[in-house]
Amino acid sequence: MLLTPLLGLVAAFVNTAAAAANEIVRDPDTGLTFTSNYQLYKVNAGITFRVAIPDDAQNYTPYDAVVQLVVPNEVGWVGLSWGGAMTNNPLVVAWNSGNSVTLSPRWATGHTMPTPSSTAGTYTLFQTGTKNNGTHWQFTALCKGCTSWTPSSGSTRYLSPTGGNRLAFGYSSTRPSGGASASIAIHQVHGYWTHDFAGARNANFHDIVQRLSV
Ligand code: HEM
Ligand SMILES: *[C@@H]1O[C@H](CO)[C@@H](O)[C@H](O)[C@H]1NC(C)=O
């Protein structure tokens, strides 16, 4: 039968394209150590999601986080969900228009376009660690208010600073036009992974963030 060897080939192809899960990356630009996950949005093309947190982060307590995404230029928008689902948790939608990255914190209560929201975290985009070239763009940003949130009905949720948290992404090939409150097209792909936060702890987090924020 022809199908079996063909499927085997496709699986091998997808595997080589994917980097190790929860790889530890010491970023030379920022000096932060991130845990890093590569998520395919089509065969042989993916987006890298990185998280760094302070090593004084406590369980069941909000803490700051730095997020770094490395995104192929063809991507129209990429969304990150801190709660690992579309609804009732902080989302951020990011896109690159020429030389400027737009970060749009959003919230959804249903499977309709998430709207800009002040309860979806506050981001500070760092110049250091935000750049682009002929193939990719990347951004690095501080988020305050992304590791704990309270849905309008339901109890407060906290991301574990000492273990894995389920995150999610959405991908669209359609680039939004306009600023952070622009309309966005629905994703063609969404996915989930468990992001290790234990390996993302940085002893010098607060000093580095202060330096990057100026
Ligand atoms: C115009 C904007 C958007 C629309 C209209 C939309 C719509 C939808 C719909 C209809 C589904 C259900 C799909 C299914 O059941 O197969 C879904 C699922 C999902 N969407 Fe969106 N979405 C939008 C933006 C986003 C954004 C910005 C994110 C951020 C990461 C996101 C993340 C997800 C995820 C993770 C799922 C899986 C189911 C869930 O967790 O609820 N979506 N979306
Ligand atoms: C292009 O930029 C991305 C993101 O910063 C980086 O990962 C990649 O190595 C760069 N490619 C080249 C050829 O410099």
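Residues numbered from 1 in each chain as written. Chains lettered and ligands numbered in written order. Predicted model: local features only at pLDDT ≥ 70, side-chain atom pairs only at ≥ 80, totals over all residues. Heavy atoms only, no water.

### Regarding the sheet that holds strand S8 (residues 115-116)
- The strand order across the open sheet built from six strands is S8-S7-S6-S5-S13-S14, with neighbouring strands paired in antiparallel fashion. Each edge of the open sheet is held by one strand with a lone partner, namely S8 and strand S14 (189-196).
- The sheet contact formed by strand S5 (residues 77-81) and strand S6 (residues 91-97) spans four bridges and is antiparallel. Pairing of Val-78 across the sheet is with Ala-94, part of S6. (Pairing = 2+ DSSP bridges. Helix = DSSP H or I, 4+ residues; strand = E, 2+ residues; numbered from the N terminus.)

### Here we look at the coordination of the iron atom of ligand 1
- Protein ligation of the iron atom of ligand 1 involves Met-86 (SD) and His-187 (NE2), the donor distances falling in the range 1.9 to 2.1 Å.
- Because the angles between the six donor atoms bound to the iron atom of ligand 1 fall within 88 to 179 degrees, the donor set is best described as octahedral. Remark: His-187 occurs in the loop between strand S13 (164-172) and S14 and Met-86 occurs in the loop between S5 and S6; sequence separation between them is 101 residues.
- When its relative accessible area of 22% is taken as the criterion, Met-86 is described as partly exposed. (Donors = N, O, S within 2.8 Å, 3.2 Å for Na, K, Ca; no water. Tetrahedral: all angles 85-135°; square planar, octahedral: opposite > 155°, others 65-115°. Buried < 20%, exposed > 50% of the residue type's maximum accessible area, 1.4 Å probe, protein only.)

### Remarks on the site of ligand 1
- With respect to spatial proximity, 19 residues lie near ligand 1, and among them Met-86, His-111, Ile-184, His-187 and Tyr-192 are the closest.
- Met-86 is positioned with one of its backbone polar atoms (N or O) 2.9 Å from an oxygen atom of ligand 1.
- A distance of 2.7 Å separates an oxygen atom of ligand 1 from a polar side-chain atom of His-111.
- Secondary-structure elements contributing two or more residues to the shell around ligand 1 are S5, S6, S13 and S14.
- Of the residues belonging to the shell around ligand 1, the class tally is 13 nonpolar, six polar and no charged. (Near = heavy atom within 4 Å. Polar contact = N/O pair within 3.5 Å; in protein donor to acceptor, adjacent residues only side chain to side chain. Nonpolar A, V, L, I, M, F, W, Y, C, P; charged D, E, K, R; others polar.)

### Some words on the pairing of strand S1 (residues 23-26)
- Strand direction decides the pairing type here: S1 and strand S2 (residues 33-42), joined by four bridges, are antiparallel. Along S2, the bridge assignment pairs Ile-24 with Thr-35.
- From the end of S1 to the start of S2, which pair antiparallel, there are six residues, and Gly-31 there has a positive phi angle of about 85 degrees.

### Some details on the site of ligand 2
- Around ligand 2, a shell composed of Val-70, Lys-131, Asn-133, Thr-135, His-136 and Gln-138 is seen.
- Between ligand 2 and the protein, one listed contact pairs an oxygen atom with a side-chain N or O atom of Asn-133 at 2.3 Å.
- Contact distances for ligand 2 include 2.7 Å between an oxygen atom and a side-chain N or O atom of Gln-138.
- Look at ligand 2: alone it shows 360 Å² of surface, and the protein chains cover 46% of it.
- A breakdown of the residues in the shell around ligand 2 according to their chemical character gives one nonpolar, four polar and one charged. (Areas by Shrake-Rupley, 256 points an atom, 1.4 Å probe, with all protein chains shown as cover.)

### Some words on the environment of Gly-31
- Following the sequence through the fold, Gly-31 ends up in the loop between S1 and S2.
- Those residues within four positions of Gly-31 in sequence are excluded, and the remaining contacts are Arg-26, Asn-202 and Ile-208. (Contact = heavy atoms within 4.5 Å.)

### Section: the confidence of the model for the chain
- The pLDDT averaged across the chain works out to 93; a share of 92% of its residues lies at or above 70.
- Per-residue pLDDT stays below 50 along residues 1-17; that stretch engages in six contacts with residues further than four places along the chain or on separate chains. (pLDDT = per-residue confidence, 0-100.)

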